[in-house]
Amino acid sequence: MSKNWSLAIVMAFVLGYGLKVFLDGQEKIEAEKVQAAVDAMLVDPVLYSGDNTPVHIFDNKDKRTRIVYFGYTRCPDVCPTSLAMLSGALREFSDEQLSHFRPLFISIDPERDDSASATQYAQYFHPTIEGLSAPLELTKPLADKYGVIFRKTELKDSAIGYVVDHSSYFYFLEPDGTLITSVPHTLEPTPLVIEMNKILDKQ
């Protein structure tokens, strides 16, 4: 092999490696930009209620403890049971005590749950529960932040088309979104009442 060919091969290798390093660097920069955008979004997530009204769910000026449940309106069993338990817990407290809490139902199925249907569904269980919806680009990172697991499962030959399999927890959050505690799916309001009383005792 001539020296010219050897040099050409070396140069091609160097250029190829340099291009790979450059492209990898660009991908890393883009990934960091995306992550920064997600992090900024999670500091002050804006979801939508009722007639598509923007709602800031984290706000240090609003001192209420958030009680957040992620679900969807067409859920056949887990969500209605969970919201019924949340409703039962809320009914154990006076209006003054309830003023320290902000219960939120956040849809993980925005494809079918617009803000109006999410609100109507949540308030069917209790008038203080805010029903919220937003594009998955926002709700998925928000759900991921608290370890919520969900996935869409297609149902062949079914009128409902698909279900969303999901974990079922109530997340008690500080006004800025910091997790206080979580309560797993329950068939009685008592675990929720216990946690709410703990928070009231600290007021």
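Each residue is numbered by its place in its chain's sequence as written, counting from 1. With pLDDT at 70 or above as the cut-off, local features in this predicted model cover only qualifying residues; side-chain atom pairs require 80 or more to be listed or tallied, and sums for whole chains, interfaces and linings still use all residues. Side-chain measures were taken over the full set of non-hydrogen atoms in the model, leaving aside hydrogen atoms and water.

J.: How should the pairing of strand E7 (residues 162-166) be read in this particular structure?
T.: It is a general feature of regular strands that their side chains alternate between the two faces of the sheet. When accessible area is computed with a 1.4 Å probe and restricted to protein chains, residues below 20% of their type maximum are described as buried, those above 50% as exposed, and intermediate ones as partly exposed. Here a helix means four or more residues in a row that DSSP labels H or I, a strand means two or more in a row labelled E, and each is numbered from the N terminus. Most of E7 sits out of view: 4 of its 5 residues are buried. Relative to E7, strand E6 (residues 150-154) runs antiparallel, the two sharing 5 bridges. The partner of Glu 154 across the bridge, within E7, is Tyr 162. A pair of strands is considered paired only if DSSP assigns at least 2 bridges between the two.

J.: Would you explain helix H6 (residues 190-201) in this entry?
T.: Since the α-helix packs 3.6 residues into each turn, any two residues three or four apart lie on the same face. Helix span is expected to be 1.5 Å times the residue number reduced by one. Over its 12 residues, H6 extends 16 Å from the first C-alpha to the last, a length consistent with the 16 Å expected when each residue adds 1.5 Å. Listed as buried for H6 are Leu 192, Val 193, Glu 195, Met 196, Ile 199 and Leu 200. All buried residues of H6 fall inside an arc of 165° around its axis, so they share one side. Throughout, a residue-residue contact means that at least one pair of heavy atoms, one from each residue, lies within 4.5 Å. The inward-facing, buried residues of H6 contact strand E3 (65-71), helix H2 (78-90), helix H3 (95-98), strand E4 (101-107), strand E8 (169-173) and strand E9 (179-184). The directions considered for the arc are those from the helix axis to the C-beta atoms.

J.: Would you mind going over the nonpolar core with me for this structure?
T.: Generally speaking, soluble globular proteins have nonpolar side chains that are buried together. Joining through side-chain atoms within 4.5 Å is the link that ties buried Ala, Val, Leu, Ile, Met, Phe, Trp, Tyr and Cys residues into a set, and such a set is a nonpolar core. Formed by 49 residues in total, the largest nonpolar core has its most connected members in Ile 57, Phe 70, Leu 142 and Met 196. Listed by contribution, the elements that provide at least two residues to this core are E3, H2, E4, helix H4 (115-125), helix H5 (136-145), E7, E8 and H6. Sort the elements by how many residues they give to this core and H2 lands first, with 6 residues. Residues within four places of Ile 57 in sequence aside, it is in contact with Pro 45, Leu 47, Arg 66, Arg 102, Leu 104, Ile 106, Leu 132, Leu 142 and Pro 175.

J.: Whenever I open this one, the side chain of Arg 102 confuses me. Can you help?
T.: Position of Arg 102 among the secondary structure elements: in strand E4. Ignoring any residue separated from it by four or fewer positions in sequence, one finds Arg 102 in contact with Val 55, His 56, Ile 57, Asp 62, Arg 64, Thr 65, Arg 66, Ile 67 and Glu 130.

J.: Sorry if this is basic, but what is going on with the packing of aromatic side chains here?
T.: Between two aromatic rings, the relevant description is the distance of the centres plus the angle of the planes. Any Phe, Tyr or Trp ring, taking Trp's six-membered ring, that has another such ring centre within 6.5 Å forms a pair; planes under 30 degrees apart are called stacked, those over 60 apart edge-to-face, and the others tilted. Applying the stated criterion across every chain yields a total of 8 aromatic pairs. Aromatic side chains Phe 105 and Tyr 121 sit 5.4 Å apart centroid to centroid with 45° between the ring planes, which places their arrangement in the tilted category. On the criterion of sequence distance, the pair formed by Phe 105 in strand E4 and Tyr 121 in helix H4 is long-range, its members being 16 residues apart. Of the two residues, Phe 105 and Tyr 121, neither departs from the other in class, the shared state being buried. For the pair Tyr 169 and Tyr 171, a centre-to-centre distance of 6.1 Å together with 35° between the ring planes defines the contact as tilted.

J.: Can you help me understand the pattern of salt bridges in this one?
T.: Where charged atoms from two side chains of opposite charge approach closely, those side chains can pair. Between Lys or Arg on one side and Asp or Glu on the other, a salt bridge is scored when a side-chain nitrogen of the former is within 4 Å of a carboxyl oxygen of the latter. Scanning the model with the defined rule gives 10 salt bridges in all. Close ionic contact of Arg 64 with Asp 62 constitutes a salt bridge, the shortest N to O distance being 2.8 Å. Asp 62 sits in the buried class, given a relative accessible area of 16%. The partner of Arg 102 in a salt bridge is Asp 62, and the shortest N-O contact between them spans 3.6 Å. Within this pair, whereas Arg 102 is found in strand E4, its partner Asp 62 is found in the loop between strand E2 (53-56) and E3, the two being separated by 40 residues in sequence. A single salt-bridge network, built from bridges that share partners, covers Asp 62, Arg 64, Arg 66, Arg 102 and Glu 130.

J.: Just checking my understanding: could you explain unusual backbone geometry for this structure?
T.: Residues other than glycine predominantly adopt negative phi, and peptide bonds predominantly adopt the trans conformation. Its identity as a non-glycine residue notwithstanding, Asn 52 has a phi of 70°, on the positive side. With respect to the helices and strands, Asn 52 occurs in the loop between strand E1 (46-49) and E2.

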